[in-house]
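Letter by letter, the chains look like this.
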Amino acid sequence: MTEESLQLGQPTPLPAGPHEARLDRVPNPHPDTDYLARFTVPEFTSLCPVTGQPDFAILVIDYVPDRWLVESKSLKLYLGAFRNHGAFHEDCTVGIAKTLVDLLGPRYLRIGGFWYPRGGIPIDVFWQTGVPPASVWLPDPGVPPYRAR
């Protein structure tokens, strides 16, 4: 992919939904090094597929890249495209992770979906590709567990 074809550096409208969104990847400048890249999405929004009401989550995406990095503007647009998309928490969380795995072929990827309560019950969703490389520092996601008031 050439720089000219990236969404980066040019006006790009928010896609109508995740299936219309385009994720861009760029070469990893350190493919010989194991390191962790983290994206924290504190205001993720989607819609309940049953009621149409908005759902809110904090997503934490950690990955150890191999040859490719996800370009962050395209990731922001992709994730923003969920705001009018109806899907269950599990589908959003795991679907995002699998899409990134298919695009990037990372050495490791994990996602934590920390969803705000729906109907009084928080639904947190966690998925990972396997075991992280032993040399990688994998910090705590930094999102406290939900505590009822």
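Our subject is the structure listed above.
Quick caveat, the model's predicted, so the values are computed rather than measured.

Student: Can you walk me through the packing of aromatic side chains in this structure?
Tutor: To describe a pair of aromatic rings, one takes the distance between the centres and the angle between the planes. Throughout the structure, instances matching the rule amount to five aromatic pairs. Measuring from ring centre to ring centre gives 6.4 Å for Phe 39 and Tyr 63, while their planes differ by 5°; the resulting arrangement is stacked. With a gap of 24 residues between them, Phe 39 in strand E2 (residues 37-47) and Tyr 63 in strand E3 (residues 54-64) connect regions that are remote in the sequence. Ring geometry for Phe 114 against Phe 126: centres 5.3 Å apart, planes inclined by 75°, an arrangement best described as edge-to-face. Of this pair, Phe 114 sits in strand E5 (residues 108-115) while Phe 126 is found in strand E6 (residues 124-128), placing the two residues 12 residues apart along the sequence.

Student: Honestly, helix H2 (residues 89-104) in this entry has me stumped. Any pointers?
Tutor: Since one α-helical turn is 3.6 residues long, residues separated by three or four positions face the same way. Its 16 residues give H2 an end-to-end C-alpha distance of 23 Å, which sits within 8% of 22 Å, the value for a rise of 1.5 Å per residue. All buried positions along H2 are accounted for by His 89, Cys 92, Thr 93, Ile 96, Ala 97, Leu 100, Leu 103 and Leu 104. Seen end-on, H2 carries its buried residues on one side only, within an arc spanning 130°. Trailing H2 by a residue or two, Gly 105 shows a phi angle of about 55°, which is positive.

Cut-offs applied
Residues numbered from 1 in each chain as written. Predicted model: local features only at pLDDT ≥ 70, side-chain atom pairs only at ≥ 80, totals over all residues. Heavy atoms only, no water. Phe/Tyr/Trp six-rings, centres within 6.5 Å; stacked < 30°, edge-to-face > 60°. Helix = DSSP H or I, 4+ residues; strand = E, 2+ residues; numbered from the N terminus. Expected span 1.5 Å × (residues − 1). Buried < 20%, exposed > 50% of the residue type's maximum accessible area, 1.4 Å probe, protein only. Arc of directions from axis to C-beta.

So, to be careful, I would describe these as geometric facts and stop short of saying anything about function.
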